[in-house]
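# Close look at the chain arrangement
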Amino acid sequence: MGFGAHPASSSAGRGGLSRSRPPLRASPPSSAQAARPGHGPDGRGDKVAARARDTPSLRRRASRERAAAMLRVLVVGAGLTGSLCAALLRKAIAGPLYLALWDRAGDAGGRMITAKSPHDPRCTADLGAQYITRTPHYAKKHQEFYEELLAHGILEPLTSPIEGMKVQEGDSNFVAPQGISSIVKHYLKKSGAEIFFKQCVTQINLRNNKWEVSKETGSPEQFDLVVLTMPAPQILELQGDIVNFISEFQRQQLASVSYSSRYALGLFYEAGMKIDVPWAGQYISSNPCIRFISIDNKKRNIESSEFGPSLVIHTTVPFGVTHLERSEEDVQELISQQLEAILPGLPQPVATKCQKWRYSQVTNSAANCPGQMTLHLHPSLVCGGDGFTHSNFDGCIASALSVMEALKNHI
């Protein structure tokens, strides 16, 4: 299941002391200066003249000119690919930039989401990706990304036992101590983007050489560049001029992207509660419903007497597909019944969270796509995400880098 500025300093503030200087004596104005309007010994005329020039209408015009010169960029999707694209765009664009990120969900992370107990925010559970597996190939190719996350303590080596995990020679596994969504939030912070949740994009139209993006609520907004990182089926659902910019071949490529479906169930417990098993995670091969169980805080080495443990259950793909359209309450009941058979006598949780993953992992990616799909160049409209690579951490990095490669001559 591995998703496998400097503060300004003043001289007066240094050491709490300021050095006094002799007062400066103003030179009297020359006869030519005195003869000009707005000049005099006290300089007040200069201020009056400046105020006369700085009218509200001029200020508004200057503000409009600055806004017109600012590049407006929208990234749709606050998962790993979207957040990394936003961070890389911020780094690559030297001029004035307004960077927005919209996501239809209520929090950042996408399929790398970390849920919190409503009773104690310190009790968390990774409902999507569980850990990150680094292969020797990507250890070299994406070295800078791993080193940065490790240096910031966002990733740490996985040291807790995961029963049934397949380990290939040279692979390294990592967990995120503060939850898997902390990786996404790290890149969002680096991007400096203005983030809007519960924003579902419905239409994209071309207006005066800009992309006018409509959403379910609120007015449409215009952007110079748009990056879409949502699942491929959601791209195909978009209306407006974008329909005409997707070629028939691209449409076939997008339609060929397929995903597995599954459910995840998070159980949150009271402080002091113990789940007495010798492992932090376990793959189940003999149950039609449950594929993976994690004592999530134990997996991340954050066990504490101050807050309770959390448990995560991931279902099998066949179970997810079969029950995809059932209510979450019904699905949770079915999962709980199977869990009782595997771990009998579990205490009652104080809170639960059932997560449906309609688009869990890519089973078939878009063919002949170099990690992205360019729908339009001037202005730029580009798609990215694991649907164009593969469903893991390195697949998302590869896609974000491909998006930047496609945009490098247009930003």
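Preceding block: the structure.
About the criteria used
- Within any chain, residue numbers begin from 1 and follow the written order of that chain's sequence.
- Per-residue local features of the predicted model are confined to residues with pLDDT of at least 70, and side-chain atom pairs are confined, for both listing and counting, to 80 or more; whole-chain, interface and lining totals are unaffected and use all residues.
- Processing note: side-chain calculations cover all non-hydrogen atoms of the structure and skip hydrogens and water entirely.
- Each axis is a line fitted through C-alpha atoms, taken for helices only over the stretch in contact, and angles between the N-to-C directions span 0 to 180 degrees.
- Runs of E in the DSSP output that reach at least two residues are strands. Runs of H or I that reach at least four are helices, and both are numbered from the N terminus.
- Every angle not falling under 35 degrees, over 145, or within 65 to 115 is termed oblique; those three ranges are roughly parallel, roughly antiparallel and roughly perpendicular.
- Handedness of each helix crossing follows the sense of rotation of the near helix against the far helix: counterclockwise by less than a right angle gives left-handed, clockwise gives right-handed.
- Note on contacts: a residue pair is in contact if any heavy atoms of the two residues lie within 4.5 Å.
- Following the grouping adopted for this structure description, the nonpolar residues are Ala, Val, Leu, Ile, Met, Phe, Trp, Tyr, Cys and Pro, the charged ones are Asp, Glu, Lys and Arg, and the polar ones are all others, Gly among them.
- In a helix, the anticipated span is given by 1.5 Å times the number of residues less one.
- Here the term buried applies to any residue with accessible area under 20% of the maximum for its type, exposed to any over 50%, and partly exposed to those in between, with areas from a 1.4 Å probe on protein chains only.
- By definition, two strands form a pair when at least two bridges between them are found by DSSP.
- Any pair of N or O atoms that falls within 3.5 Å is considered a polar contact. Within protein, one atom must be able to donate a hydrogen and the other to accept it, and sequence-neighbouring residues count only if both atoms are side-chain atoms.
- Cysteine sulfurs are considered disulfide-paired once they come within 2.5 Å of each other.
- Only Phe, Tyr and Trp rings are paired, with Trp represented by its six-membered ring, and only when their centres lie within 6.5 Å; those with planes under 30 degrees apart are stacked, over 60 edge-to-face, the remainder tilted.
- Should the NZ of a Lys or the CZ of an Arg lie within 6 Å of a ring centre and within 35 degrees of the ring normal, that charge is described as sitting over the ring.

## Thoughts on the packing of helix α4 (residues 80-92) against helix α14 (residues 393-407)
- Orientation of α4 relative to α14, taken along the N-to-C sense of each, is 40°, at an axis distance of 9 Å. Judged by the inter-axis angle, α4 sits oblique to α14. For the element pair α4 and α14, the recorded crossing hand is right-handed. Taken together, the residues of α14 that come into contact with α4 (itself represented by L80, T81, L84, C85, L88, L89 and A92) are F393, C396, I397, S399, A400, L401, V403, M404 and L407.
- When its residues are assigned to classes, the contact of α4 with α14 shows 14 nonpolar, 2 polar and no charged.

## Side note on α4
- Along its 13 residues, α4 runs 18 Å from first to last C-alpha, staying within 8% of the 18 Å computed at 1.5 Å per residue.
- For α4, a buried count of 10 out of 13 residues is recorded, marking the element as mostly surrounded by other parts of the structure.
- Within the span of α4, buried status applies to L80, T81, G82, S83, L84, C85, A86, A87, L88 and L89.

## Re the sheet that holds strand β12 (residues 221-223)
- Pairing within the open sheet is antiparallel, and its 3 strands lie in the order β10-β11-β12. Only two strands of the sheet have a single partner each, and these edge strands are β10 (201-207) and β12. This sheet shows a mean twist of 30° between the axes of neighbouring strands, independent of strand direction.
- With 6 bridges connecting them, β10 and strand β11 (residues 210-215) associate as antiparallel partners.

## A look at unusual backbone geometry
- H378 connects to P379 through a cis peptide bond whose omega is -5°.
- Looking at where P379 falls in the secondary structure, it is placed in the loop between β21 (372-376) and β22 (380-384).
- Of note in the backbone geometry, N208 takes a positive phi value of approximately 55° without being a glycine.
- Mapped onto the elements, N208 comes out in the loop between β10 and β11.

## Description of the sheet that holds strand β13 (residues 225-228)
- One open sheet holds the 6 strands; their spatial order is β9-β2-β1-β13-β22-β21, and the pairing between them is mixed. What marks the edges here is a single partner per strand, and that holds for β9 (194-197) and β21. Ignoring strand direction, the axes of neighbouring strands in this sheet form an average angle of 20°.
- Relative to β22, β21 runs antiparallel, the two being bridged by 4 bridges. The residue of β22 that forms the bridge with Q372 is G384.

## Some thoughts on the side chain of D126
- One can find D126 in strand β4 (residues 124-126).
- Given the relative accessible area of 1%, D126 is considered buried.
- Separated by 3.2 Å, the side chains of D126 and K299 make a polar contact.
- When residues no more than four places from it in sequence are discounted, the contact partners of D126 are I113, T114, G179, I180, D296, K299, R300, V312 and H314.

## What about the pairing of β11?
- Connecting β10 to the next strand, β11, in antiparallel fashion are 2 residues, including N208 with a positive phi near 55°.
- Pairing between β11 and β12: 3 bridges, direction antiparallel. Residue V213 lies in a different strand from β12, and its bridge partner there is E221.
- Once β11 ends, the chain turns through 5 residues before running back antiparallel as β12, passing G218 with a positive phi of about 90°.

## A short note on the environment of S191
- Positionally, S191 belongs in helix α7 (residues 181-191).
- Given a relative accessible area of 0%, S191 falls into the buried group.
- As for S191 and L89, which are separated by 102 residues in sequence, their C-alpha atoms are 7.6 Å apart.
- Beyond its immediate chain neighbours, meaning those up to four positions away, S191 contacts A86, A87, R90 and L99.

## Digging into the state of the cysteines
- Scanning all chains against the criterion turns up 0 disulfides.
- There is no disulfide at C369, and the cysteine sulfur nearest it, in C383, is 9.0 Å away.

## Quick look at the packing of helix α6 (residues 143-151) against α14
- At a minimum axis distance of 11 Å, the contact between α6 and α14 shows a crossing angle of 120°. The pairing of α6 with α14 is recorded here as oblique in orientation. Note that α6 runs across α14; the crossing there is right-handed. Contacts from F145, Y146 and L149 of α6 reach α14 at F393, D394, I397 and L401.
- Its residues placed into classes, the contact of α6 with α14 shows 6 nonpolar, no polar and 1 charged.

## A word on the packing of aromatic side chains
- On inspection of all chains with the given rule, the structure shows 6 aromatic pairs.
- When the centroid spacing of 5.9 Å and the interplanar angle of 40° are considered together, the rings of Y146 and F174 count as tilted. Residue Y146 is found in helix α6, and its partner F174 is found in strand β8 (residues 172-175); the two are separated by 28 residues along the sequence.
- Of the residues examined, Y146 reaches a relative accessible area of 1% and is grouped as buried.
- The buried category is assigned to F174, whose relative accessible area is 5%.
- Each ring, one from Y259 and one from Y359, has its centre 5.1 Å from the other, and the planes form 65°; the classification is edge-to-face. Of this pair, Y259 sits in strand β14 (residues 258-259) while Y359 sits in the loop between β19 (351-357) and β20 (362-364); the two residues are 100 residues apart in sequence, bridging distant segments of the chain.
- A relative accessible area of 18% places Y359 in the buried class.
- Cluster of aromatic residues (ring-pair linked, three or more members): Y146, F174 and F393.
- One cation-aromatic arrangement involves K215 over W102; the distance from NZ or CZ to the ring centre is 4.3 Å.

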